[in-house]
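Inside the fold
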Amino acid sequence: MAGRSGVDLHEGECSDGDWIDLVAAASAPVGAVGGKSRRLGLLRRLGLPTPDGLVIPASALAQGMPEACRARVAAELTRRGWDTVPLAVRSSAPHEDSADASFAGIYHSVLGVCGLPALWEAVDAVLASLGTPQAKAYRAHHALPDAGMAVLIMPMLPAVAAGVAFTCDPQSGRDDQIVINAVHGLGDRLVSGAQNGEVLVVQEDRRRDVLGVVSRQTGEAGANTVLSDAQVLALAQLLREAAQALDYADPAWDFEWVFDGERFCLVQARPVTAFPWRAYPGLAAQSAIWSNGNTRDVVPDVMGAMDWITWRRMPDMMLELGYRLAGFRLLPGVRRTALIGGRLYLNASLIQWEAFDALGVEPRAMNALLGGHHPEISVPATGWQDRLRRLGGILRYAVSASAWRRRGRRQATQAFADMSRWRCESTDDLDDAGLTERLQTLCDLIRSRDGMMFLQASSGGNLCFLLELIGRDLPAQSHALVAAIMAGGEPSVTARQAYEFDALARVAASDEAASAMLRAGAPWDLSALPQANPFRRGFEQFIDCYGHRGIYESYLSRPRFREDPNYLFALIAGMLDGADTGHEAQRRRQQDEAWQTLRDALPAPRRWLVGRLVRAARQEARDRELARSALIAHTEVCRGLILAAAERLCRRGLLADRDAVFDITPHELFDALAGRLDAAAVRERVTHRRQQRQAWDSQCAPEVVIGRQAQPPALATRSDDGVWRGVAVGSGIAEGAAYVARTPEHALGLAGGDILIAPSTDPAWTPLFLRAGGLVMETGGYLSHGAIVAREFGIPAVVNLPGIVEALQTGQRLRVDGSRGEVQPLD
């Protein structure tokens, strides 16, 4: 809605407007309406409780408002019935309430304004605050140019209580607490610092993703309780919802709120501009290092709201349990994950520090397991007391780890049985409350399977010790030797999936009807084959076992093979004339040579220990893949329930299409089903987030961010002899034509013996490994999926070569030396 002068907000032309409605200000240029008005307008548009308002744009105030303009604003105020009620007249400058500068307390606002003469005096007072010494000094400190000022006019709210609140702890840096400051009446004295009020802290239960315990701190002696516990929790839930609606990727916000005795309203919102990173004392002086060198392997793309809010605490649950078993005192409320530019990053600083301080794992060794090109943290010199403490931690961990591994395997076995049963249960007879309860129960069940979490995150210890042990005597060969002796053994669930898929392709090649169907191309129809057809039976059995897997299956928003098997059909069609790459014979030869090298170099006791570590490390790798597969089995059912809810919302007009459900959060989904969130709010939030995702998709994601600064890409460079050198994770040598593929679908044309060049690989790529002569990846470390499976298959593999996908072309002949970690063009 625009003023009488006909402002076209879609064109961004506000220079001739007398006033702009607050909701319309959400899409107006920030230079016209200012940061405060624009963000409050966005909150109102997104369906959050915010007072109505209108904005006098900066252009109308730049040279003073002519009487005719004032008359039109006055007429609009009268039309709204605001000419006889107390008003708030508030500043709204372009850089105010921005991510870099809050201007808190710098510019002026006037409350309780009654009558038009007082209104124009208040407007003049707000404009005058642009030129105060403190405003000029603040702008100079932040290197901001002088700019105009818009003015926001809103009706005053009857305040029983008011205050400010943060969806994080701005002093400690904890992101699992909501901190609320509350006073009786209006909050202007609290905002100005003249009154302390009551401090209320709401603690998030990270395991269940719910807000729980309320703790109180009285700001002034004898102050009465401002809000009850129930009211505090209701406000905290509103604050969390508002923060995630504004920016689900980084919901650290500073709000001002008012309570009228019945409901809460938000009257200001700005990002927290000074958010310290929470770190252990020995790490606090160093900057946070964020890296996606590990996460790009399975979560390479932008995450939507449903995915991120559902899983953002999962890495904490996975990583913390092992350290608790070791008796390590974890620092509560630290951030181990972040969504930067929509992509998932790990806090490499914290991960390195905790591994070092708890177990004595050097940062260099931890980085080799993680993969990526982030720097090592600085760690203090280790004294005998530290070594003794860490040895005790290792022993405590070792005593408990076996039992927890057995627990994890039992839970994984139970998970497959449970999800098979859940998948067959219909949701048609459930009402909305029943569907919500089933989805919440499933999410709680996933989070309760702590043994599976342990297998996912605590499966690198023996591999780390193995690398260190061999590296003492053979530092230049340790990676290649470990890759060779780790190859083979009992296959992991992912390798077994690939072997069974390869066998299925052989059945198809020997079956005339199946071959004809597959060669005919899409759309493939399995029902066209007789039920007794061997390929049809085999494919149905394969889907029954592995249909929960999918392409980049970590995303709830991605379909599973049970839903869409076309990728599998296309892959088998390409394998009908495939050739055996001879990996098995090569693997055995490399393994024999590696053990001979170790027999020549290591004394007998150390060789015995190496053998023990190899067996344990292989089991850990199998456990890691098993736990991942079981977790994905849960997420398949979770996706099905979410889509069932989405179909109901589509029928009611809340969603335009069912995939839009992945652009709302779980809490918003439950509120929409319960009727607490209307159609307009749901649609606006979906639109807002899709615009966010499109912007992130168009940006290049840096591999490393230090503090808040993206680092230049650490592109792999060729040495003087024309060779790229990365990390050797699969031994042996292969020569062949390069096949560059950015996604599994792009790799369908891979011929037997080709060298697969990929940015990263998740389990959907695994069947391709059996056709590939070698593997080269931009990302990855020793514990990445591609590295684990490449070792199992005995494929020469080199990882951690950023930029290699752009540097090579399909058809270019390469030599991949997995023993040395080298990639050499032969053309």
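This is a predicted model, so every value here is computed, not measured.

Structural notes on the overall build of the protein chain
- Tallying secondary structure elements over the protein chain gives 28 helices and 24 strands in all.
- In terms of overall size, the protein chain behaves like a compact globule, its C-alpha atoms giving a radius of gyration of 30 Å where 827 residues would be expected to give roughly 28 Å.
- Projecting the C-alpha coordinates of the protein chain onto the three principal axes gives extents of approximately 95 × 70 × 55 Å.
- Taking all 827 residues of the protein chain together, 57% fall into the buried category.
- Within the protein chain, contacts between residues separated by at least 24 positions form 69% of all contacts whose residues are at least 6 apart in sequence.

So, the packing of aromatic side chains
- Scanning the model with the defined rule gives 16 aromatic pairs in all.
- An angle of 50° between the planes, with centres 5.0 Å apart, marks the rings of F542 and Y546 as tilted. In this pair, F542 and Y546 are both assigned in helix α20 (residues 534-546), four residues apart and thus about one turn of the helix distant.
- On the accessibility criterion, Y546 (5% relative accessible area) is buried.
- Members of the aromatic cluster, connected to one another through ring pairs, are W524, F535, F539 and F569.
- Against the face of Y555 rests R558, its NZ or CZ located 4.5 Å from the ring centre.
- Just above the ring of W724 sits the side chain of R718; from NZ or CZ to the centre is 4.6 Å.

Quick notes on the pairing of strand β10 (residues 253-259)
- Where burial is concerned, most of β10 is hidden: seven out of the seven residues are buried.
- Burial along β10 is two-sided: W253, F255, W257 and F259 facing one way and D254, E256 and V258 facing the other are all buried.
- Bridge count between strand β6 (residues 161-166) and β10: six bridges; the pairing is antiparallel. Across the sheet, the residue bridging to A161 is F259, located in β10.
- With seven bridges connecting them, β10 and strand β11 (residues 264-271) associate as antiparallel partners. What sits directly across from W257, in β11, is L266.
- Where β10 folds back on β11, the antiparallel hairpin that results is connected by four residues, among which G261 adopts a positive phi of roughly 100°.

Structural notes on the sheet that holds strand β8 (residues 198-205)
- Strands sit in the order β9-β8-β7-β6-β10-β11 across an open sheet of six strands; the sheet is antiparallel. Sheet topology places β9 (210-218) and β11 at the edges, where each strand pairs with a single neighbour. Ignoring strand direction, the axes of neighbouring strands in this sheet form an average angle of 20°.
- Where strand β7 (residues 177-184) and β8 come together, six bridges link them in antiparallel fashion.

Regarding the state of the cysteines
- By the definition in use, this model includes zero disulfides.
- Residue C545 stays outside any disulfide, its sulfur separated by 14 Å from that of C424, the closest cysteine.
- Not part of a disulfide, C638 finds its nearest cysteine sulfur in C443, a span of 4.4 Å.
- On the basis of relative accessibility, which here comes to 1%, the residue C638 falls in the buried class.

Topic: the sheet that holds strand β16 (residues 709-710)
- Spatially, five strands are ordered β13-β14-β12-β15-β16 in an open sheet, and the strand pairing comes out antiparallel. Every interior strand has two partners, whereas the edge strands, β13 (337-340) and β16, have only one.
- Where strand β12 (residues 289-291) lies against strand β14 (residues 343-347), two bridges are found, and the strand directions are antiparallel. When the sheet's bridge partners are listed, W290 is paired in β14 with N347.

Considerations on the environment of Q440
- Residue placement: Q440 occurs in helix α14 (residues 432-448).
- Since its relative accessible area comes to 36%, Q440 is described here as partly exposed.
- Along the chain, Q440 and P666 lie 226 residues apart, while their C-alpha atoms are 9.1 Å from each other.

Points about the pattern of salt bridges
- Here the structure, examined in full by the defined rule, presents 55 salt bridges.
- The closest approach of N and O atoms between D418 and R421, which form a salt bridge, is 3.4 Å. Taken together, the residues span about one helical turn, with D418 and R421 both in helix α13 (residues 384-424) at a distance of three residues.
- Residue D418 is classed as buried on the basis of its relative accessible area, which comes to 7%.

Remarks on the packing of helix α18 (residues 493-510) against helix α27 (residues 785-793)
- For the pair α18 and α27, the least separation of the axes is 10 Å and the interaxial angle reads 60°. Viewed along their axes, α18 and α27 adopt a mutual orientation that is oblique. Both α18 and α27 take part in a crossing whose hand is right-handed. Together, T494, A495, A498 and Y499 of α18 and H785, V789, E792 and F793 of α27 make up the contact between the two elements.
- For the contact of α18 with α27, the class distribution of residues is five nonpolar, two polar and one charged.

Describing the side chain of D357
- By the element assignment, D357 lies in helix α11 (residues 348-359).
- Excluding anything up to four places from it in sequence, D357 contacts F328, R389 and R390.

Considerations on the confidence of the model for the protein chain
- Averaged over every residue, the pLDDT of the protein chain is 89; the share at 70 or more is 95%.
- Taken element by element, the predicted model of the protein chain shows its lowest mean pLDDT in helix α7 (residues 188-192) (64) and its highest in helix α24 (residues 666-673) (97).
- For the stretch residues 1-16, pLDDT sits under 50, and the model shows 32 contacts to residues farther than four places along the chain or on other chains.

Observations concerning a nonpolar patch on the surface
- Residues W384, L388, L391 and L395 make up a contiguous nonpolar surface patch of about 470 Å² in total accessible area.
- On the secondary structure map, L388 appears in helix α13.
- Assessed through its relative accessible area of 52%, L388 is described here as exposed.

Here's the deal with helix α25 (residues 679-697)
- Its 19 residues place the ends of α25 27 Å apart at the C-alpha level, agreeing with the 27 Å of an ideal helix rising 1.5 Å per residue.
- Three or more residues of α25 are buried, namely A681, V682, R685, V686, H688, R689, Q692 and W696. All buried residues of α25 project into a common sector of 165° when viewed along the axis, lining one side.
- Check the buried side of α25 and you find it contacts α2 (30-45), α8 (229-246), α9 (305-311), β14 and α24.

Reading the values: the criteria
Throughout this document, residue positions are counted from 1 along each chain, in the order its sequence is written. For a predicted model such as this one, the threshold for reporting local features is a pLDDT of at least 70, and the threshold for listing and counting side-chain atom pairs is 80 or more; totals across whole chains, interfaces and linings nevertheless cover every residue. Only heavy atoms go into the side-chain values, all of them from the structure, while hydrogens and water stay out. Runs of E in the DSSP output that reach at least two residues are strands. Runs of H or I that reach at least four are helices, and both are numbered from the N terminus. In this setup the radius of gyration rests on C-alpha atoms only. A globule is expected at 2.2 Å times the number of residues raised to 0.38. Relative accessibility decides the category of a residue: with a 1.4 Å probe and only protein chains considered, values under 20% of the type maximum give buried, values over 50% give exposed, and everything between is partly exposed. Any two residues whose heavy atoms approach within 4.5 Å are treated as being in contact. Put simply, two rings from Phe, Tyr or Trp (the six-membered ring, in Trp's case) pair if the centres are within 6.5 Å, and we call them stacked under 30 degrees between planes, edge-to-face over 60, tilted for the rest. To sit over a ring, a charge needs its Lys NZ or Arg CZ within 6 Å of the ring centre and within 35 degrees of the ring normal. When DSSP finds two or more bridges between two strands, those strands count as paired. For every element, the axis is a line fit to its C-alpha atoms; helices are fit only across the contacting stretch, and the angle between N-to-C directions ranges from 0 to 180 degrees. Any cysteine sulfur atom paired with another within 2.5 Å is treated as part of a disulfide. Each reported salt bridge corresponds to a side-chain nitrogen of Lys or Arg within 4 Å of a carboxyl oxygen of Asp or Glu. Geometric relationships in this document are graded by angle, where less than 35 degrees denotes roughly parallel, more than 145 denotes roughly antiparallel, 65 to 115 denotes roughly perpendicular, and other angles denote oblique. Here is the rule for handedness: rotate from the far helix to the near one, and if that takes an anticlockwise turn smaller than a right angle the crossing is left-handed, while a clockwise turn gives right-handed. Only Asp, Glu, Lys and Arg are considered charged, only Ala, Val, Leu, Ile, Met, Phe, Trp, Tyr, Cys and Pro nonpolar, and every remaining residue, Gly among them, polar. Every residue gets a pLDDT, meaning the predictor's confidence in that residue, from 0 to 100. The residues that make up patches have over 30% relative accessible area and no salt bridge, and they are joined within 9 Å when like-charged or within 5 Å when they are Val, Leu, Ile, Met, Phe, Trp or Tyr. A 1.4 Å probe and the Shrake-Rupley method give the accessible areas. Residues count as covered only by the protein chains that appear here. Take the residue count of a helix, subtract one, and multiply by 1.5 Å to get its expected span. This arc corresponds to the set of directions leading from the helix axis out to the C-beta atoms.

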